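# Examining the three-dimensional arrangement
What follows is the residue order along each chain.
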Amino acid sequence: MRNPRTTRPGRVTPERPGARIAVRLKGFGAQSLVATEPIVSTLRHLPESHLQGLQEIEYDPERIGQKAAGYFLPPRVYTPLPNLRSAAEYLPDEAKIVVYEFDSPASLYELLFHEIGHHVCRHVISGTIRKHWVTQVHPREPAVSPQGSRNALEDFAEAYALFARNPEQLRRSPAKHAFFRDEIFRSNGPKAP
Ligand SMILES: [Zn+2]
């Protein structure tokens, strides 16, 4: 029997007994910018349901080279802050996040929240809520970032990442802030002791 209060390094497991979410972290031992434990504890601050079905988060810098050789399509180049170079990708069919490149803990968390936002939009929320975002909330206000201006799904991921890091960051888009507060993060109540 597993003690749900014990977190093994390399896995994100819930604190709440009875929950069954466990995301495998793979490959992060190959870098020294961020230890596994802070990644685990950061992800545990998200609502548990947001990680449901997410199979794996892998750090795989080698795939950048493979992509260049033509085995993969180029990754989305994501520049959330000036002077940061980072890239990651959400693979929806595998429910997997691959992190290719980051240069600080902050840039890693920006990437992870953005890609988890894609997972939440694809696999966690209902079609009704997704449609509400695409047809009503997203068009009502300007995109929350240049990346978000690409389309409704990128704007969802960008807004998700802003709200996950600090809900106040989304205040300048009041409709989007209310949507994320009421529809996406409403289960994020106080954690059980
Ligand atoms: Zn994206």
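Residues numbered from 1 in each chain as written. Predicted model: local features only at pLDDT ≥ 70, side-chain atom pairs only at ≥ 80, totals over all residues.

### Brief notes about the overall build of the chain
- The number of helices and strands found in the chain is six helices and six strands.
- Ordered by position in the sequence, the α and β elements of the chain form the string β-β-α-β-α-β-β-β-α-α-α-α.
- When the 193 residues of the chain are sorted by exposure, 32% land in the buried category.
- Counted over contacts in the chain with a minimum sequence separation of 6, partners at least 24 positions apart contribute 56%. (Helix = DSSP H or I, 4+ residues; strand = E, 2+ residues; numbered from the N terminus. Buried ≥ 20, exposed ≤ 12 C-beta atoms within 10 Å, placed from the backbone. Contact = placed C-beta atoms within 7 Å.)

### Thoughts on the pairing of strand S3 (residues 56-59)
- With burial as the criterion, only one face of S3 is covered, namely that bearing Ile-57 and Tyr-59; the residues Glu-56 and Glu-58 on the opposite face remain uncovered.
- Bridge count between strand S2 (residues 23-26) and S3: three bridges; the pairing is parallel. Looking across to S3, one finds that Arg-24 is bridged to Glu-56.
- Taking the sense of rotation as the criterion, the β-α-β connection linking S2, helix H1 (residues 36-43) and S3 turns out left-handed.
- In this structure, S3 lies alongside strand S6 (residues 96-101), joined through four bridges in parallel fashion. Following the sheet pairing, Tyr-59 is matched in S6 by Val-99. (Pairing = 2+ DSSP bridges. Right-handed = clockwise from strand over helix to strand, strands pointing away.)

### Topic: the confidence of the model for the chain
- For the chain, per-residue confidence averages 81 on the pLDDT scale, and 74% of positions sit at 70 or higher.
- In this model residues 1-8 is a low-confidence stretch, pLDDT under 50, and it forms eight contacts with partners more than four residues away in sequence or in other chains. (pLDDT = per-residue confidence, 0-100.)

### Concerning the packing of helix H5 (residues 152-165) against helix H6 (residues 174-184)
- Two elements in contact, H5 and H6, have axes separated by 10 Å at closest approach and are oriented at 75°. Judged on the interaxial angle alone, H6 and H5 are roughly perpendicular. Every residue of H6 that contacts H5 at Ala-159, Tyr-160 and Phe-163 is listed here: Lys-176, Phe-180 and Ile-184.
- Taken together, the residues of the contact of H5 with H6 break down into five nonpolar, no polar and one charged. (Axes fitted to C-alpha atoms, helices over the stretch in contact; angles between N-to-C directions. Parallel < 35°, antiparallel > 145°, perpendicular 65-115°, else oblique. Nonpolar A, V, L, I, M, F, W, Y, C, P; charged D, E, K, R; others polar.)

### Points about the environment of Gln-55
- Among the secondary structure elements, Gln-55 is positioned in the loop between H1 and S3.
- A tally of 14 C-beta atoms within 10 Å means that Gln-55 is categorised as partly exposed.
- Discounting residues that sit within four places of it in the chain, Gln-55 has contacts with Arg-24, Glu-94, Ala-95 and Lys-96.

### Remarks on the environment of Asp-93
- Its place among the elements puts Asp-93 in the loop between strand S5 (86-91) and S6.
- Between the C-alpha atoms of Asp-93 and Arg-122, which are 29 residues apart in sequence, the distance is 9.8 Å.

### As for the packing of helix H3 (residues 105-124) against H5
- Where H3 meets H5, the axes come as close as 8 Å, and the angle between the chain directions of the two elements is 125°. One finds that H3 runs oblique with respect to H5. At the point where H3 passes H5, the crossing takes the right-handed sense. Residues Tyr-109, Glu-110, Phe-113, His-114, Gly-117, His-118, Val-120 and Cys-121 of H3 pack against Leu-153, Phe-156, Ala-157, Glu-158, Tyr-160, Ala-161, Ala-164 and Arg-165 of H5.
- When its residues are assigned to classes, the contact of H3 with H5 shows ten nonpolar, three polar and three charged. (Left-handed = near helix turned anticlockwise from the far one by under 90°.)

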